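# Architecture and fold: a report
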Amino acid sequence: MKNTSTTAVKPKGGNWSDLWKKEDWLAVWIGFIIITLGSLDVILGWDFFAALKFKTWALWETLTPEQLESGKFATLGSQLNGAFFGKLLLTGAVLCLLFGAGVKLMGEKLGKFIPAFLALYFIAIIVRLISAEYTLNHYLEWAFWALFVGLLISNTIKVPDWLKPAVKTEFYIKTGLVVMGFSVLFSNIAKFGLYGLGIAWIVTPVVILFMWQFGIRVLKIDNKPLVMTLASATSVCGTSAAIATGAACKAKKEDLSMAVSISIIFTILMMVFEPMIIKALGMSALMGGSLIGGTVDSTGAVVVAGTALGPEAQQAAVLVKSIQNILIGFIAFFVAVFFATRVDNTEKRTVRANEIWVRFPKFIIGFFVASLVASFIFLPAVGGDEGGAINKVLDQYKNWAFVLAFTSIGLDTNFKEIWKQMQGGKVLWLYVVGQVFNILLTLFAGWFLLSGKIFPIPVLN
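These numbers come from a predicted model, not from an experiment.

### Considerations on the overall build of the protein
Tallying secondary structure elements over the protein gives 22 helices and four strands in all. Considering the protein as a whole, with its 461 residues, one finds that 53% of them fall into the buried category. For the protein, the share of sequence-separated contacts (at least 6 apart) that also reach a separation of at least 24 residues comes to 79%. When the accessible area of the protein is evaluated, it comes to approximately 21,300 Å², of which 68% is carbon and sulfur surface.

Written out as structure tokens, the structure reads:
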């Protein structure tokens, strides 16, 4: 007789204490604290809380007078003054205090975390300094250099045990995503209307479903969380989507490292070569920009690639990517539901209904709340100028959190382990085939909506 007995998966957590003891919720509270302090800093005119921002600098190249006058560029020596080191200490102190409090509430030893975090912060400073160099900054954004420096350390001299307590990839990036939510405005949808929605919101889920079916049924990859994480990284916005989806489907750190590494490598290639191909094909600025926004993973890389095609293409690329970024939370939610009810709910293993809530990444709630408050309450009240100034302050803290996260990914990644996970090159094939499908589908959507043959061509201000 067939044994039909099942084993219920008992959800862990779900207590009120999770609100101040679990990483997801702590990331939300830390993110809200940063948003609150950043907002008060601008509204009350404190000009104190702003984090350190490295201006683009040149050591061997000569900056033009116009660049120096703009305030966005500087020589390296001119930046290294008292104000610079003061901001450096303040930024480190704020980050160490907030994340240290989070670590303490999670029950870990603060005495081990603080020296490790200060060392990680020092590495992050080196990363920001390298990535702000004039030539390097023009071609590769800081995310690449953070990952590169971390990988260099982990694959050569190895990561010392005393540094490991500060390597908390998900904690840093979850916090950064909550802060990022404040700048992802739902009003961006109105700027590009149904055009942006058609490109960003229809193509994206189709690509995820295609990569899921291709990875599971054709390539027969056993690691389902890795397939879903890589699919979301490919179709939405690289690392941010990988982190959110990985948390929703319980992906391992190794799966996340794999998805992020592949995404960043191909983002660099596409950032350089996609504008060249678009120019060679004679594509319009709107269509070319939309193609870049829908297929290049990183938002920073989208800006760089879009700029290569001109102002109109850059704006179209950024709008499509911004609208696409809004999907992060929705996708994470549906992935959590799908894995709880379908993937993990088998004959031998059933998942209770409240497991959906337990495994749902709570920082996504923070992302949505920050976005809704900024879009419909806060920014309409304070106005566009102050809202822009607040976002500039918050962007730097978001960037620092992401630099800490990307560096941690590098420190936590070993090429030997990644190669073992490649499963005979199947994972690489999954990304390549999925990205080609993504490009072709986005190209069709761009032609359908923006060629002027079916719908009127929108005018971007």
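### Quick notes on the nonpolar core
Among soluble globular proteins, nonpolar side chains are generally buried collectively. Core analysis: the biggest nonpolar cluster contains 139 residues, and Phe99, Phe117, Tyr172, Trp400 and Phe406 have the highest contact counts within it. Apart from the residues lying within four places of it in its own chain, the contact partners of Phe99 are Ile30, Phe113, Phe117, Phe171, Tyr172, Thr175 and Leu404.

### So, the packing of aromatic side chains
Evaluation of the coordinates by the stated rule reveals 26 aromatic pairs. With centroids separated by 5.7 Å and ring planes inclined at 15 degrees, the aromatic side chains of Trp25 and Trp29 adopt a geometry described as stacked. Of the two residues, Trp25 and Trp29 both sit in helix H2 (residues 23–43), four residues apart, roughly one turn of that helix. On the accessibility criterion, Trp29 (36% relative accessible area) is partly exposed. Ring centres 4.8 Å apart and planes at 35 degrees place the aromatic pair Phe266 and Tyr431 in the tilted group.

Analysis parameters
- Residues numbered from 1 in each chain as written.
- Predicted model: local features only at pLDDT ≥ 70, side-chain atom pairs only at ≥ 80, totals over all residues.
- Heavy atoms only, no water.
- Helix = DSSP H or I, 4+ residues; strand = E, 2+ residues; numbered from the N terminus.
- Buried < 20%, exposed > 50% of the residue type's maximum accessible area, 1.4 Å probe, protein only.
- Contact = heavy atoms within 4.5 Å.
- Areas by Shrake-Rupley, 256 points an atom, 1.4 Å probe, with all protein chains shown as cover.
- Core = buried A, V, L, I, M, F, W, Y, C linked by side-chain atoms within 4.5 Å.
- Phe/Tyr/Trp six-rings, centres within 6.5 Å; stacked < 30°, edge-to-face > 60°.

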